[in-house]
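# Structure at a glance
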Amino acid sequence: MAVQRKKRKRRELFALGNEAVAEGALLAGCSFYAGYPITPSTEIMEVMANRLPLIEDGVFIQMEDEIASMGATIGASLAGRKAMTATSGPGFALMQEHIGYACMVEAPLVVVNVMRGGPSTGLPTSPAQADVQMARWGTHGDHPIIVLSASNVQECLEMTVTAFNFAEKYRTPVILLLDEVTAHTREKISVPDPDEVEILSRVEPTVPPEWFKPYADTARGVPAMAPIGSGYRTHVTGLTHDVMGYPTQRPDEVKDAMLRLFRKIDQYYGDIQMADEYLLDDAEVAVVAYGSVARSAHLAVEQARERGAKAGLLTLKTLFPFPRPAVEKLTHRCHTVVVPEMNMGQMSREVKRVNNGRTKVRTINRVDGQIITPSEILKAIL
């Protein structure tokens with residue numbers, strides 16, 4: 001006789017975007033958090049400080065600054081933990097050298113940056129989207145990176161799980177960008193049971209320790225990862241290294257190592273590049289937005305439709321690698337693309353690059369610490 005498994009009821013709660021990030025991290029299996037409090041990301045740290053000590057092997061540690069926080073997060077990842085840190089613009093700037101180190105040693109981890117007005121101390125409690133290009137290019141040297149975004153509180157949970165899955169699957173740091181509005185919006189969310197969610201973990205070696213090559217090339221370009229202390233020897237260095245992890249300056253080995261770092265991301269664009277379409281089938285004007293601005297854009301598109309304008313919305317959930325296919329399709333079909341964002345034009349730069357002069361790209365930019373309203377976007381559409 002077949003035994004029917006009782007389906008568990010989803011847990012529902014009212015949460016801030018930041019609190020939903022913490023819920024998503026715990027759902028994904030995060031067991032280590034190191035951080036330093038900074039507005040407007042602090043609620044993530046507060047929830048992790050309360051929750052992590054209650055789970056088996058959970059570790060929370062407040063570090064002396066963001067540089068140390070990132071170093072501890074890398075170390076925990078290399079030791080086999082799913083690890084995360086969170087910060088805002090000034091702290092994110094301090095983390096950049098360590099983000100480059102994480103790229104080079106291929107440490108899977110998640111960095112959440114809740115963006116605020118800048119530069120420098122700027123507007124600590126006001127929204128901005130001014131760290132988009134820093135997330136892609138902030139650390140030095142050629143490097144691939146995955147940058148995600150969330151536009152509502154439920155997505156904060158879901159995209160955090162996705163960030164951990166991408167980090168583990170591709171053995172890379174993943175950056176999740178929120179803005180202050182999304183982070184501090186409180187909404188009802190549904191927290192699924194862990195059995196209902198796909199949770200990925202890094203591939204560990206199956207060969208004997210004496211055969212193990214910690215940076216060996218594979219069909220996927222992602223080497224197996226042995227936790228430090230597990231009996232497999234792994235040499236960890238920020239220097240360009242060979243397949244055994246030892247520093248090298250041989251041109252062939254340097255080239256192979258760099259090409260593999262890019263290939264493990266490039267060949268899976270179809271998996272990584274995510275965007276949501278709304279009313280785009282017959283759209284003549286398309287809005288491309290991300291974060292909280294996408295919510296304003298959603299209402300603006302509906303209001304435009306009520307007035308007879310054929311408008312649609314593309315909400316970017318992956319910012320980098322930039323979802324070129326989804327945006328390029330719009331530039332062939334629409335006579336105007338509107339890009340609203342709370343900066344001087346960081347994502348519109350990418351849209352214009354993909355557009356290549358095919359259609360009109362109209363930008364809406366605010367840098368005064370205020371949100372972009374639906375009426376501003378509607379005006380641009382009409």
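Residues numbered from 1 in each chain as written. Predicted model: local features only at pLDDT ≥ 70, side-chain atom pairs only at ≥ 80, totals over all residues. Heavy atoms only, no water.

### Some remarks on the overall build of the protein chain
On a plain count of helices and strands, the protein chain comes out with 14 helices and 15 strands. Taking 21 Å as the expected radius of gyration for a compact globule of 382 residues, we find that the protein chain reaches 21 Å, a close match to that expectation. In terms of principal-axis extent, the alpha carbons of the protein chain reach across some 70 × 60 × 50 Å. Buried residues in the protein chain amount to 55% of all 382 residues. Pairs at least 24 residues apart make up 78% of the contacts formed inside the protein chain by residues separated by at least 6 positions. Carbon and sulfur atoms provide 52% of the accessible area of the protein chain, an area that totals close to 16900 Å². (Helix = DSSP H or I, 4+ residues; strand = E, 2+ residues; numbered from the N terminus. Rg over C-alpha atoms; globule rule 2.2 N^0.38 Å. Buried < 20%, exposed > 50% of the residue type's maximum accessible area, 1.4 Å probe, protein only. Contact = heavy atoms within 4.5 Å. Areas by Shrake-Rupley, 256 points an atom, 1.4 Å probe, with all protein chains shown as cover.)

### Examining the sheet that holds strand β10 (residues 275-278)
Where strands meet in a sheet, backbone hydrogen bonds hold them as pairs that are either parallel or antiparallel. Ordered in space as β10-β12-β11-β14-β15, the 5 strands form an open sheet in which the pairing is mixed. The open sheet is flanked by β10 and β15 (360-365), the only strands paired with a single partner. Strand-to-strand twist in this sheet, taken as the mean axis angle between neighbours without regard to direction, amounts to 20°. Pairing between strand β11 (residues 285-289) and strand β14 (residues 336-341): 3 bridges, direction parallel. Paired with Val285 across the strands is Thr336, a residue of β14. Docked against the sheet, helix α13 (residues 346-355) engages β11, β12 (311-316), β14 and β15, running at close to 160° with respect to β14. (Pairing = 2+ DSSP bridges. Axes fitted to C-alpha atoms, helices over the stretch in contact; angles between N-to-C directions.)

### Focus on the packing of helix α12 (residues 324-333) against α13
Closest axis-to-axis distance for the α12/α13 pair is 9 Å, and the angle between their directions is 65°. Where α12 crosses over α13, the two elements pack in a sense that is right-handed. Counting all contacts with α12, which are made through Arg324, Val327, Glu328 and Thr331, the residues of α13 involved are Val351, Arg353, Val354 and Asn355. For the contact of α12 with α13, a count of residues per class yields 3 nonpolar, 2 polar and 3 charged. (Left-handed = near helix turned anticlockwise from the far one by under 90°. Nonpolar A, V, L, I, M, F, W, Y, C, P; charged D, E, K, R; others polar.)

### Brief notes about the nonpolar core
Ile44, Met48, Met84, Val112, Leu148 and Leu178 are the most contacted members of the largest nonpolar core, which has 42 residues in total. Taken together, the elements giving at least two residues each to this core come down to α1 (17-28), α2 (42-51), β4 (83-87), β5 (109-117), β7 (146-149), α7 (153-170), β8 (173-179) and β9 (186-191). Residues contacting Met48, with those up to four places away along its chain left out, are Ala22, Ala25, Leu26, Cys30, Tyr33, Pro53, Phe60 and Met84. Counting 41 residues, the second-largest nonpolar core is a separate cluster that includes Val105, Ile175, Ala283 and Phe322. (Core = buried A, V, L, I, M, F, W, Y, C linked by side-chain atoms within 4.5 Å.)

### Observations concerning the pattern of salt bridges
Under the criterion given, the structure shown has 20 salt bridges. Residue Arg202 pairs with Glu168 through a salt bridge whose shortest N-O separation is 2.8 Å. Placement of Arg202 in the loop between β9 and α9 (251-266) and of Glu168 in helix α7 is noted, with a sequence separation of 34 residues between them. One salt bridge connects Glu328 with Arg358, and the closest N-O pair in it is separated by 3.6 Å. (Salt bridge = Lys/Arg side-chain N within 4 Å of Asp/Glu carboxyl O.)

### A word on the environment of Tyr278
Residue placement: Tyr278 occurs in strand β10. Residues Tyr278 and Arg362, spaced 84 residues apart in sequence, show a C-alpha to C-alpha distance of 19 Å. Leaving out residues up to four positions away in the same chain, Tyr278 has contacts with His298, Val301, Glu302, Gly312 and Leu313.

### A look at the packing of α1 against α2
The geometry of α1 relative to α2 is characterised by a closest axis approach of 8 Å and an angle of 45° between their N-to-C directions. In terms of orientation, α1 and α2 fall into the oblique class. Crossing angle aside, the handedness with which α1 passes α2 is right-handed. Contact residues: α1 offers Asn18, Glu19, Val21, Ala22, Glu23, Ala25 and Leu26, while α2 offers Glu43, Ile44, Val47, Met48 and Arg51. When grouped by side-chain class, the residues that make up the contact of α1 with α2 number 7 nonpolar, 1 polar and 4 charged. (Parallel < 35°, antiparallel > 145°, perpendicular 65-115°, else oblique.)

### As for the packing of aromatic side chains
Scanning all chains against the criterion turns up 4 aromatic pairs. Consider the rings of Tyr33 and Phe60, whose centres lie 5.8 Å apart with planes at 10°: the pair is stacked. With Tyr33 in strand β2 (residues 32-35) and Phe60 in strand β3 (residues 59-62), the pair connects residues that are 27 residues apart, well separated along the chain. According to the relative accessible area criterion, Tyr33 is buried, its value standing at 1%. Judged by centre distance (5.5 Å) and plane angle (40°), the ring pair of Tyr170 and Tyr268 falls under tilted. (Phe/Tyr/Trp six-rings, centres within 6.5 Å; stacked < 30°, edge-to-face > 60°.)

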